[in-house]
Amino acid sequence: MPYQHKNTTVYFFGEQGSGLRPRGDVQDFYKLRRQCLSDGILFEDPEFPAQDSSIYYSRSPPRPFEWKRPSELVDDPHLFVEGASRFDVIQGELGDCWLLAAVANLTLYPQIFHKVVPDDQSFVDDYAGIFHFRFWQYGRWVDVVVDDRLPTYYGRLILLQSKDKNEFWSALLEKAYAKLHGSYESLKGGTTCEAMEDFTGGVTEVYELDKAPSNMFTIMLKAYERMSLLGCSITPDPSVTEAELPNGLIRGHAYSITAVKMVEIRTGRKSGKIPLLRIRNPWGNEAEWKGAWSDKSREWKYIPDNEKEDLGLTFDADGEFWMSFADFMKNFMTLEICNLSPDALDDEILTDSSKKVWATQFYEGCWSRGVSAGGCRNYIETFWYNPQYLITLEDPDEDDDEDKCTVIIALMQKNRRAQRKKGLDHLTIGFAIYNLKDPDNSPRPLPKKYFEYNASVARSPSFINLREVTSRFKLNPGTYCIIPSTFEPNEEGEFVLRVFSEKKNQMTEFDNNIGEGEIDDRVERPDDTPGKKDALKESFRKIAGDDLEIDAYELKEVLDFVLQKEFEFGGFGLNLCRAMVAMMDTDRSGKLGLEEFMQLWQSVVTWKNVFKLYDKDNSGALNTFELRSALTSAGYSMNWKVLRILRFRYGNKDGTISFEDFIGCAVKLKNMIDLFRKKDVKKLNLANFTIEEWIEATMYA
């Protein structure tokens, strides 16, 4: 069961509702710790064993590693030594500086830090070799358990570690993050914003600084004042890994921005304020900026002593340095800002300058082959099959001269890093935004015809194979449809769509309501002429015998005999015929009388004609993309979530649905909808069943 941490619900990794697939038994930290203490043993994690496979999934380790507990490395291990600091984080051999930069930023905010690194554990009180950490994963906070065995070589930690050899929170945090994603190797290569979001649940913006807006410093200053997390980097040299430049900066390396300030400066002639940034290299050593405002540079003599004290100015070889905003813009190439969501900002940590928070919306969806994976707008035939989301913006931003609304839209694909060992990489994703002039009278979902005659009003800058695509827009008040998609059709994956706006917004999924509709006028109706009816009744009587009733076996004979005269197929299966009997068997006799059979025949012929309408190549199968349209023509309104389940249940591996499976799908839908409507007496789309009624109805259907 999930537990509460302040205002946040936290799930154990892999438990139902966590959104993550279990890799073994669901691990409850508190129960496991109590059990280990009771048994007098130290915890050994069976789900992330102390083996080479937990480090590398693609190769053998370059040298033999030995897993050791902190007590085997030092005499007096602690989770924290004098609290957590950005100086605790020193990079090891793994190429995950993107993660370390975010960890360094996290330490600046104790309340946020301890949401990730719980303070209810230590190497002293109730120590049992077990620790736990919390990460935001696609809309939920997840509790990840690890033991404290760490990979070493000749008695030294080889991965992330603290500057103080007795402190182990950072090494254990990295291990828990590696377990979340399957291995340490899965953490190689990433962006600081990815880790920032997993630590906060915020939404991240990325700026290419050569194309930065004119108010870039104002954006950064406001972000810092609102406790946003900031990271920056320089494009790597393709021939050298993390090459050091003459100015001391490292190419291809992720830095964290730990302060953004307007600093008072006094020279002999004048005084004023200058924009300065404090930046940290996660290596935590002497590899620092060597230019203006670097450690002990002459510029600092123009800063009053009281200002230096307020800045906490130190000149140590600790990887942290100051530089001017102008030099920052000249030397760094990418800036990442993680805007914190309201649930990350507990009331006690909000300052007077950060009372404004984003209004947020969150939806989960998926691109399912043949159902909701329509590809980008280039593929007009299938684009409209993608999930659609409606957002209404009513109030412009405060102090906005154009009376427009600021919106940040973030599309994140789920669980791709953990699937690297299966050879799966990130999909190429993006989104488009359409303005709806008359949303109340627009079809749900927007059909192909709409996109043939209407252009998007905004879209993601590009389709790209990153975990998340985020863009900031200024839109007029109104109603918009957001369509997230992969670039190519039929690429499968799960996603999270988040929308942040300065003012409150209203957002819903824009899809069909489940239920019945009218049969399409293009569908040929059953032949009701007396001669046809008489012939059908005669066929029924011949097989039914004296009692004029047929069971599933006899129904198969009748239907196969009649339909195979006009439609080439291999005949119905017995289970489908049983479902047809159940659909019409009001007295639960297991048989159909003549009138029940005649009603069934009307439905079967209608469904057959719907199938023929969409089977344009006479292949005897439908493309699963056509299932939505075919069911709509048959009078059934389904959304993409139900259609996805129907594809799993009735579709073939090649993405087609046979005639028999289509009829089976229609029979099941009619059966379940009719059953529901009988119990929904007030027509509120609500029905009550006893467990006996439910089992009887669903098992017979």
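Residues numbered from 1 in each chain as written. Predicted model: local features only at pLDDT ≥ 70, side-chain atom pairs only at ≥ 80, totals over all residues. Heavy atoms only, no water.

Peer 1: Residues and numbers for the sheet that holds strand β1 (residues 3–5), please.
Peer 2: Backbone hydrogen bonds hold the strands of a sheet together, and the pairing may be parallel or antiparallel. The mixed open sheet is built from four strands, whose spatial order is β1-β2-β5-β4. With partners counted over all chains shown, the strands left at the sheet margins are β1 and β4 (130–137), one partner each. On average, each strand axis in the sheet is tilted by 40 degrees relative to the strand beside it, whichever way the strands run. In terms of strand pairing, β4 meets strand β5 (residues 140–147) through eight bridges, oriented antiparallel. In the strand pairing of β5, Phe135 is matched with Val142. Sitting on the sheet, helix α1 (residues 29–39) touches β1, β2 (8–12), β4 and β5, and the angle it makes with β4 is about 175 degrees. Most of the contacts of helix α6 (residues 192–200) go to β4, to which it runs at about 110 degrees, and overall it touches β4 and β5. (Pairing = 2+ DSSP bridges. Helix = DSSP H or I, 4+ residues; strand = E, 2+ residues; numbered from the N terminus. Axes fitted to C-alpha atoms, helices over the stretch in contact; angles between N-to-C directions. Contact = heavy atoms within 4.5 Å.)

Peer 1: So what's going on with the packing of helix α18 (residues 659–679) against helix α19 (residues 691–700)? Residues and values would help.
Peer 2: Interaxial distance between α18 and α19 falls to 11 Å at its minimum, and their mutual angle equals 155 degrees. Of the possible angle classes, the one that applies to α18 and α19 is roughly antiparallel. Considering only the axes of α18 and α19, their crossing is right-handed. Between α18, through Lys668, Met672, Leu675 and Lys679, and α19, the contact on the second element is made entirely by Glu693, Trp694, Ala697 and Thr698. (Parallel < 35°, antiparallel > 145°, perpendicular 65-115°, else oblique. Left-handed = near helix turned anticlockwise from the far one by under 90°.)

Peer 1: Residues and numbers for the side chain of Asp148, please.
Peer 2: Examined against the element boundaries, Asp148 turns out to sit in the loop between β5 and β6 (150–153). Side-chain polar atoms of Asp148 contact the side chain of Arg69, separated by 2.4 Å. In this structure Asp148 touches Lys68, Arg69, Pro70, Phe123, Tyr127, Gly129, Phe131 and Leu172, once residues within four positions along its chain are discounted. (Polar contact = N/O pair within 3.5 Å; in protein donor to acceptor, adjacent residues only side chain to side chain.)

Peer 1: How would you sum up the UniProt feature "domain: EF-hand" (unreviewed entry) in the protein? Please name residues and give values.
Peer 2: According to UniProt, the positions carrying the feature "domain: EF-hand" (unreviewed entry) are residues 602–637. Strand forms 14% of residues 602–637 and helix 56%; the C-alpha atoms that close the span are 20 Å apart. (UniProt positions renumbered as here; feature names shortened; annotations may be inferred.)

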